[in-house]
Every structure is written in C-alpha cells, then in structure tokens.
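# Structural features, examined
So you can see what is in the structure, the chains are spelled out below.
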Amino acid sequence: MSRFELDSRSATETQELGRLMAGALEPGDVLVLTGDLGAGKTQLTKGIARGLGIDDEVTSPTFALEAIHEGGRMPLYHFDLYRLHDADELGDAGLWDVLGTDGVCVIEWGEQFADELGDERVDVLVTRAEGEVEAGGEPLRHIELVSHEARGDAFVAAVADMLRGQGLA
C-alpha cells in the first residue's frame, strides 16, 4: 500500500491535479473518490477528462448513475453511487460491464462498496480543511491517494513524481 498527499487551493488546482493524474492512468484503472458533498470529487474528474483529451462537459451523474465520456485516449466511465445502498445494485448501474476494460473508471461515493470492488483500485480521499479558506474564498482541500496493490502503487508513484517534477508537491 502506498500513499501520497497534497493540498489544493482552488477548483482550478483540483482540476489541474486531475489532468496530471490522467497522464499516469492506464486502461482498467479504477479510482474511488471519497469526500463530502462539494469537496471537489467532480472537479477532479473534470480534470481527468481533460487530461485524457475528452472535451465533454463533465458533471456528476447522480441520477443517471453512470456517464460515459469518449473521444480521448481512452474512455472515462464516471459513476456516482451516492444513491445506491446495496451491492446488488452495482450490476444495474452498469459497473460490472466496464470495470477493468478499455477505459478508466472513476467512482464517486464508491467507498461503501470497497469489498465488492476489491483491491485493484486507488482510493482518492478529498476533504475540505475546516476553517481554512484561501484567497478568493475557496476552502483548502486535502487530497490523499491510497493504493491497495502493485498497479495502484505504480500509479501513485507516477503521480507523485509528476507533481514533484512540476514543483507542485
């Protein structure tokens, strides 16, 4: 298991992190985004889409559960599992159809299904720092990447190296 942590001072920085993360993603990768409402999960996903070369408008698929974004170097399968309460619903959401296939799966609110998803994932924890507000009135966000297996370790290391190389970590 490996970890990497950093802070984001704005939605723009969070999107930029996502854009950089996309450079380390490979088909079949799974990112499980965890954080309170408004913490920045969708902003991160917007950046991932841009980094993959996808021009679609990215919003959280809260009611549709899944959005498929194509047109980049690989598809982005974006899930929002906030409204699901039982693992039996994952199949109906379409998750098993795309997990581990030709694109990357970004799953918001998937932490409750960690056992079903298995270890072949990277957890991305996004939290707002209580009481800490940056210039412009945006809350400081703390972002932590946590891997659970070898591919995830390689992804986390690649992201850390890219950010250090750009002086962002």
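Quantities reported herein were computed from a predicted structural model and do not represent experimental measurements.

In this section: the environment of Val 124. If you trace the backbone, Val 124 turns up in strand 6 (residues 122–133). Between the C-alpha atoms of Val 124 and Arg 19, which are 105 residues apart in sequence, the distance is 14 Å. For Val 124, the contacting residues outside a window of four places in its chain are Met 21, Leu 31, Val 32, Leu 33, Thr 34, Leu 44, Ile 143, Glu 144 and Leu 145.

For the rest of this paragraph, the subject is the packing of helix 1 (residues 11–22) against helix 6 (residues 150–165). Two quantities define a packed helix pair, namely the angle between the helix axes and the distance between the axes. Following both chains from N to C, one finds helix 1 and helix 6 inclined at 120°, their axes separated by 9 Å at the closest point. Classified by the angle their axes make, helix 1 and helix 6 are oblique. As helix 1 runs across helix 6, the sense of the crossing is right-handed. Judged by residue contacts, Leu 17, Leu 20 and Met 21 of helix 1 engage Phe 155, Val 159, Met 162 and Leu 163 from helix 6. By residue class, the composition of the contact of helix 1 with helix 6 is seven nonpolar, no polar and no charged.

At a minimum axis distance of 6 Å, the contact between helix 1 and helix 2 (residues 41–51) shows a crossing angle of 45°. Here helix 1 is positioned oblique relative to helix 2, judged by the angle of their axes. With respect to the hand of their crossing, helix 1 and helix 2 are arranged in right-handed fashion. Between helix 1, through Ala 11, Thr 14, Gln 15, Leu 17, Gly 18, Arg 19, Met 21 and Ala 22, and helix 2, the contact on the second element is made entirely by Gln 43, Leu 44, Lys 46, Gly 47, Ile 48, Arg 50 and Gly 51. Residue composition of the contact of helix 1 with helix 2, grouped by class: six nonpolar, six polar and three charged.

Taken as a whole and judged by the stated rule, the model has seven salt bridges. Put simply, Glu 26 and Arg 151 hold a salt bridge, and the shortest N to O gap is 3.6 Å. One end of the pair, Glu 26, is in the loop between helix 1 and strand 2 (30–34); the other, Arg 151, is in helix 6, with 125 residues separating them in the sequence. Using a relative accessible area of 40% as the deciding quantity, one classes Glu 26 as partly exposed.

When you line up the elements, Ser 60 lands in the loop between helix 2 and strand 3 (66–69). Judged by its relative accessible area of 25%, Ser 60 falls in the partly exposed class. Between the C-alpha atoms of Ser 60 and Glu 13, which are 47 residues apart in sequence, the distance is 18 Å. Contact partners of Ser 60, with chain neighbours within four places excluded, come to Thr 42, His 78, Asp 80 and Glu 108.

Conventions and cut-offs
Residues numbered from 1 in each chain as written. Predicted model: local features only at pLDDT ≥ 70, side-chain atom pairs only at ≥ 80, totals over all residues. Heavy atoms only, no water. Helix = DSSP H or I, 4+ residues; strand = E, 2+ residues; numbered from the N terminus. Contact = heavy atoms within 4.5 Å. Axes fitted to C-alpha atoms, helices over the stretch in contact; angles between N-to-C directions. Parallel < 35°, antiparallel > 145°, perpendicular 65-115°, else oblique. Left-handed = near helix turned anticlockwise from the far one by under 90°. Nonpolar A, V, L, I, M, F, W, Y, C, P; charged D, E, K, R; others polar. Salt bridge = Lys/Arg side-chain N within 4 Å of Asp/Glu carboxyl O. Buried < 20%, exposed > 50% of the residue type's maximum accessible area, 1.4 Å probe, protein only.

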